[in-house]
Amino acid sequence: SSHSHFGSNIVVAPSPPSRSPRVDGSPAFAEMDALPGDAKEQVAEILAGKDLTQTSLKVVRAELEARYGQPPGALDAFRDTIKTLTTTEIARIQAAEAEGEEETPAEPAPASSAPEPAASSGKKRKSSQADEEKEGKKRPPGSTSKRQQALMSRKRFSEAATHIALTMGTQPIKVMPKVFSTGSCGWYANLKVPSQVDGHDVMMQMQVSATIIGSKAWAEE
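All residue numbers refer to position in the chain's written sequence, counted from 1. Restriction of local features to residues with pLDDT of at least 70 applies here, the model being predicted, together with a cutoff of 80 or more for giving and counting side-chain atom pairs; totals for whole chains, interfaces and linings are based on all residues. To obtain the side-chain values, all non-hydrogen atoms of the structure were included, while hydrogens and water were left out.

1. Observations concerning the overall build of the protein
Part 1 of the reasoning: Helix and strand definitions here come from DSSP, where helices need a minimum of 4 consecutive H or I residues and strands a minimum of 2 consecutive E residues; each element is numbered from the N-terminal end. Looking only at helices and strands, one finds six helices and six strands in the protein.
Part 2 of the reasoning: Reading the helices (α) and strands (β) of the protein from amino to carboxyl end gives β-β-α-α-α-α-α-α-β-β-β-β.
Part 3 of the reasoning: Note on exposure labels: buried denotes an accessible area under 20% of the residue type's maximum, exposed denotes more than 50%, and partly exposed covers the range between, all computed with a 1.4 Å probe on protein chains only. By the burial criterion, 27% of the 221 residues in the protein qualify as buried.
Part 4 of the reasoning: Considering only contacts in the protein between residues 6 or more positions apart, those separated by 24 or more positions represent 55%. The contact criterion used throughout is that any non-hydrogen atoms of two residues lie within 4.5 Å.

This is how it looks when you write it as C-alpha cells:
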C-alpha cells in the first residue's frame, strides 16, 4: 500500500482507516508537510450534527489536530486550506437542508374552540371565507418542490439568474447565483462584514445560502 513520509523515521498511510485519534502510542509529528488525503472527509465528520453557528474554524482545526495525533497548533500552516474545506462543507450542508424543507400547511383550529363571531364582524368573516375560496385549498406538503422541478435547466439558470442585493447594517452585499455541489441552484455569498458592538468595531464572517426548492431535479441543459 502507498505511504506518505512526514518524518525521517515515521511512515503513515495518507488516509488512515480509523476516524478517531491515534491510541497506539506512536509519537506525534513535530510538523506536517501537507494535510492527509482524507482531510475533506474528516472535516465533514467533524461538522456533522454540530450547531454550525457555534462552530468556529479554530474548533475544526483543533479537532483535526486531535484526529491526526498532532499537538495544538500543528495545523496552523494549513489555516486557509482548512477554512476552504470547512466553508465548502457548511455550504453543502445548508443547501441539503434547504432542499429537504417542505411546506407544512397550517393546522386548522378546532371548531369547538372558536368563539361565535360578533354580529359586527359578519361581513369580515364572509369576505375572508370568500378570499380563501378564491385562493383554493392549501397546497399539500411538497407541492412547491413538485411544481418547480421542471421550471428550467441548470444551464438556463446560470445564464438568466442575476445577483440579489442585500444590506447588512450599512454594508451592501451581492449574493451571486450558484449551482451547488448537490445539484441545486440558488444564491450564495461568503464574506466578512463590519459591525459594531458596545462601541467596538467588530468583523463578522457572514454566509448567505438560498436554494430554489425543487431545483435539484433540474436537468443539466
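2. Side note on the pattern of salt bridges
Part 1 of the reasoning: By definition, a salt bridge exists where a carboxyl oxygen of Asp or Glu is found within 4 Å of a side-chain nitrogen of Lys or Arg. As enumerated under the stated definition, the model contains six salt bridges in all.
Part 2 of the reasoning: With a closest N to O distance of 2.7 Å, Glu 89 and Arg 92 form a salt bridge. With Glu 89 and Arg 92 both in helix H3 (residues 79–100) and three residues apart, the pair spans about one turn of that helix.
Part 3 of the reasoning: For Glu 89, a relative accessible area of 10% corresponds to the buried category.
Part 4 of the reasoning: For Arg 92, a relative accessible area of 35% translates into the label partly exposed.
Part 5 of the reasoning: A salt bridge links Glu 159 to Arg 156, with the nearest nitrogen and oxygen atoms 3.7 Å apart. Taken as a pair, Glu 159 and Arg 156 lie in helix H6 (residues 154–160) at a separation of three residues, close to a single helical turn.
Part 6 of the reasoning: Via salt bridges that share partners, Arg 61, Asp 76 and Arg 79 belong to a single interconnected network.

3. Thoughts on helix H2 (residues 57–67)
Part 1 of the reasoning: Taken together, the buried positions of H2 are occupied by Val 60, Arg 61, Leu 64, Glu 65 and Arg 67. Considered in projection along H2, the buried side chains sweep an arc of 160° and stay on one side of the axis.
Part 2 of the reasoning: Looking one or two residues past H2, Gly 69 carries a phi angle of roughly 65°, positive in sign. Along the arc lie the directions from the helix axis toward the C-beta atoms.

4. Here we look at helix H1 (residues 39–47)
Part 1 of the reasoning: The complete set of buried residues in H1 reads Ala 39, Gln 42, Val 43, Ile 46 and Leu 47. Projected down its long axis, H1 shows its buried positions confined to an angular sector of 130°, all on one face.
Part 2 of the reasoning: Positive backbone phi, at 80°, marks Gly 49, one or two positions downstream of H1.

5. Focus on the packing of aromatic side chains
Given two aromatic rings, one states the distance between the centres and the angle between the planes to describe the pair.
Part 1 of the reasoning: Aromatic contacts are taken between Phe, Tyr and Trp rings whose centres are within 6.5 Å, Trp giving its six-membered ring; a plane angle under 30 degrees counts as stacked, one over 60 as edge-to-face, and the others as tilted. Throughout the structure, instances matching the rule amount to three aromatic pairs.
Part 2 of the reasoning: Summarising the aromatic geometry, the rings of Phe 157 and Trp 187 are spaced 5.5 Å apart at their centres and angled 80° between planes, so their arrangement reads as edge-to-face. Taken as a pair, Phe 157 in helix H6 and Trp 187 in strand E5 (residues 185–197) lie far apart in primary sequence, 30 residues in all.
Part 3 of the reasoning: Judged by its relative accessible area of 4%, Phe 157 falls in the buried class.
Part 4 of the reasoning: Consider the rings of Phe 157 and Trp 218, whose centres lie 6.2 Å apart with planes at 55°: the pair is tilted. Linking Phe 157 in helix H6 with Trp 218 in the segment after strand E6 (200–211), this pair joins segments that are 61 residues apart in sequence.
Part 5 of the reasoning: Assessed through its relative accessible area of 2%, Trp 218 is described here as buried.

6. A word on the packing of H1 against H2
Part 1 of the reasoning: Axis definition: a line fitted to C-alpha atoms, over the contacting stretch in the case of helices. Angles run 0 to 180 degrees between N-to-C directions. The geometry of H1 relative to H2 is characterised by a closest axis approach of 10 Å and an angle of 120° between their N-to-C directions. It follows that H1 is oblique to H2 by the angle criterion. Here H1 and H2 pass one another in a crossing that is right-handed. Note on element contacts: H2 touches H1 through Val 60, Glu 63, Leu 64 and Arg 67, opposite Gln 42, Val 43, Glu 45, Ile 46 and Leu 47.
Part 2 of the reasoning: Nonpolar residues are Ala, Val, Leu, Ile, Met, Phe, Trp, Tyr, Cys and Pro. Charged residues are Asp, Glu, Lys and Arg, and all others, Gly as well, are polar. Considering only residue class, the contact of H1 with H2 consists of five nonpolar, one polar and three charged. To sort the angles, those under 35 degrees are grouped as roughly parallel, those over 145 as roughly antiparallel, those from 65 to 115 as roughly perpendicular, and the leftovers as oblique. Each crossing gets its handedness from the near helix: less than a right angle anticlockwise from the far helix is left-handed, clockwise is right-handed.

7. Some details on unusual backbone geometry
Part 1 of the reasoning: At Asp 198, a residue that is not glycine, the phi angle is positive and equals roughly 55°.
Part 2 of the reasoning: On the secondary structure map, Asp 198 appears in the loop between E5 and E6.

8. Overview of the sheet that holds strand E3 (residues 164–168)
As a general point, the strands of a sheet are linked pairwise by backbone hydrogen bonds and lie either parallel or antiparallel.
Part 1 of the reasoning: Across the sheet, four strands lie side by side as E3-E4-E5-E6; this open sheet has antiparallel pairing. Looking at the sheet topology across the chains shown, the edges are occupied by E3 and E6. The sheet shows a mean angle of 25° between the axes of neighbouring strands, direction not considered. A pair of strands is treated as paired once DSSP finds two or more bridges between them.

9. A word on the nonpolar core
Part 1 of the reasoning: Residues enter a nonpolar core if they are buried and are Ala, Val, Leu, Ile, Met, Phe, Trp, Tyr or Cys, with the set joined through side-chain atoms within 4.5 Å. Ranked by size, the top nonpolar core spans 14 residues in total, and within it Leu 35, Leu 47, Val 60, Leu 64, Leu 75, Phe 78 and Ile 82 carry the most contacts.
Part 2 of the reasoning: Elements with a minimum of two residues in this core: H1, H2 and H3.
Part 3 of the reasoning: Excluding residues within four positions of it along the chain, Ile 82 makes contact with Leu 35, Val 60, Arg 61, Leu 64 and Leu 75.
Part 4 of the reasoning: Formed by 12 residues, the second largest nonpolar core is a distinct cluster that contains Phe 157, Ile 173, Cys 185 and Trp 218.

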